[in-house]
Structures are given as C-alpha cells and as structure tokens.
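What follows is the residue order along each chain.
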Amino acid sequence: MQEGYETQTGSVIAETFEQRNIDPMEVPGVLVSRHGPFTWGVSPKQAVEHAMILEQCARMGVLDSLMVPGLQEVTTALLDEHYHRKHGPGATYGQP
C-alpha cells in the first residue's frame with residue numbers, strides 16, 4: 001500500500017470538494033472507489049449517522065439498478081431542484 005494513503009485520500013476529497021464548490025457540512029460523506037464510505041459530522045455520533053445514511057442510499061442505488069437495468073442517472077437539474085427545495089432561503093419542504 002502506498003505510504004500516506006489516508007492522508008492522500010483525505011487531500012483528494014478536500015481538493016474535489018473545493019474544485020466543485022461543495023460545502024462539506026452540506027455533503028457530509030463520500031464513496032471512494034474500492035474503499036468504504038468516508039463520513040464526518042460535528043460529532044462522532046453524527047459521522048456514524050451519516051455513514052448509515054450513505055450506506056442506505058448506496059443500497060437503494062444497487063437495488064434500483066438491479067430492478068431496472070440501464071436506469072438513467074438523475075440529472076443535476078433535478079438534484080439541484082430537490083436540494084434547494086429543502087435548503088436555503090427559498091426552502092419550501094415541510095412547510096404547511
């Protein structure tokens with residue numbers, strides 16, 4: 001294994017978030033190829049909760065691809081629409 005693997009992996013995650021203008025507290029986890037999830041939070045408990053959520057999302061993705069072979073990825077526009085519906089100044093999710 002390459003020396004400093006953990007540090008290098010963390011650096012690549014941080015660089016990718018910076019390049020893509022992603023707030024790590026809004027996206028508190030990533031999947032790295034051939035590795036388990038990397039998650040974080042304001043406490044170890046929250047980091048574990050984020051790992052469990054990420055694992056469930058991955059499981060749903062695998063099941064979707066098994067049930068519907070060739071399923072298309074969700075567009076960035078739709079992802080953004082759902083995200084902004086729940087977060088930010090114009091959020092409406094959960095409103096009466």
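Residues numbered from 1 in each chain as written. Predicted model: local features only at pLDDT ≥ 70, side-chain atom pairs only at ≥ 80, totals over all residues. Heavy atoms only, no water.

1. Some details on the overall build of the chain
Piece 1. Counting secondary structure elements, the chain contains three helices and two strands.
Piece 2. For the chain, the α and β elements follow one another from N to C terminus as α-β-β-α-α.
Piece 3. Its C-alpha radius of gyration of 16 Å places the chain more than 25% over the 12 Å reference for a compact globule of 96 residues.
Piece 4. Over its C-alpha atoms, taken along the principal directions, the chain stretches across nearly 50 × 35 × 30 Å.
Piece 5. Every one of the 96 residues in the chain was classed for burial, and the buried ones make up 9%.
Piece 6. In the chain, the share of contacts with a sequence separation of at least 24, taken over all contacts with a separation of at least 6, comes to 15%.
Piece 7. When the accessible area of the chain is evaluated, it comes to approximately 8,100 Å², of which 58% is carbon and sulfur surface.
Piece 8. Side chains of the chain give 6 positive and 12 negative charges; the mean places of these two sets differ by 8 Å. (Helix = DSSP H or I, 4+ residues; strand = E, 2+ residues; numbered from the N terminus. Rg over C-alpha atoms; globule rule 2.2 N^0.38 Å. Buried < 20%, exposed > 50% of the residue type's maximum accessible area, 1.4 Å probe, protein only. Contact = heavy atoms within 4.5 Å. Areas by Shrake-Rupley, 256 points an atom, 1.4 Å probe, with all protein chains shown as cover. Lys, Arg positive; Asp, Glu negative; His and termini not counted. Charge placed at Lys NZ, Arg CZ, Asp CG, Glu CD.)

2. Digging into the pattern of salt bridges
Piece 1. The final tally for this structure, using the stated rule, is one salt bridge.
Piece 2. Ionic pairing is found between Glu49 and Lys45, a salt bridge with its closest N-O pair at 3.9 Å. Taken together, the residues span about one helical turn, with Glu49 and Lys45 both in helix α2 (residues 44–67) at a distance of four residues.
Piece 3. Glu49 gets classed as partly exposed once you look at its relative accessible area, which sits at 36%.
Piece 4. Overall, Lys45 belongs to the exposed group, its relative accessible area being 60%. (Salt bridge = Lys/Arg side-chain N within 4 Å of Asp/Glu carboxyl O.)

3. Focus: the confidence of the model for the chain
Piece 1. Taken over all residues, the pLDDT of the chain has a mean of 88, while the share at 70 or more is 95%.
Piece 2. Averaged over each element, pLDDT in the chain is lowest for helix α3 (residues 76–86) (86) and highest for α2 (94). (pLDDT = per-residue confidence, 0-100.)

4. As for helix α1 (residues 5–19)
Piece 1. Along its 15 residues, α1 runs 21 Å from first to last C-alpha, staying within 8% of the 21 Å computed at 1.5 Å per residue.
Piece 2. Among the residues making up α1, those that are buried are Thr9, Ile13 and Phe17. All buried residues of α1 lie within an arc of 70° about the axis, which places them on one face of the element. For α1, the exposed residues set more than 90 degrees away from the buried face come down to Thr7, Glu18 and Gln19.
Piece 3. Against the buried residues of α1 lie β1 (29–31) and β2 (37–39).
Piece 4. Following α1 by one or two positions, Asn21 has its phi on the positive side, about 55°. (Expected span 1.5 Å × (residues − 1). Arc of directions from axis to C-beta.)

5. As for unusual backbone geometry
With glycine set apart, most residues show a phi of negative sign, and most peptide bonds adopt trans.
Piece 1. Unusually for a residue other than glycine, Asn21 sits at a positive phi of about 55°.
Piece 2. Its place among the elements puts Asn21 in the loop between α1 and β1.
Piece 3. In this structure Asn21 comes out as exposed when scored by relative accessible area, which is 73%.
Piece 4. Phi at Arg34 is positive, roughly 60°, even though this residue is not glycine.
Piece 5. Position of Arg34 among the secondary structure elements: in the loop between β1 and β2.
Piece 6. Residue class for Arg34 comes out exposed when judged on its relative accessible area of 85%.

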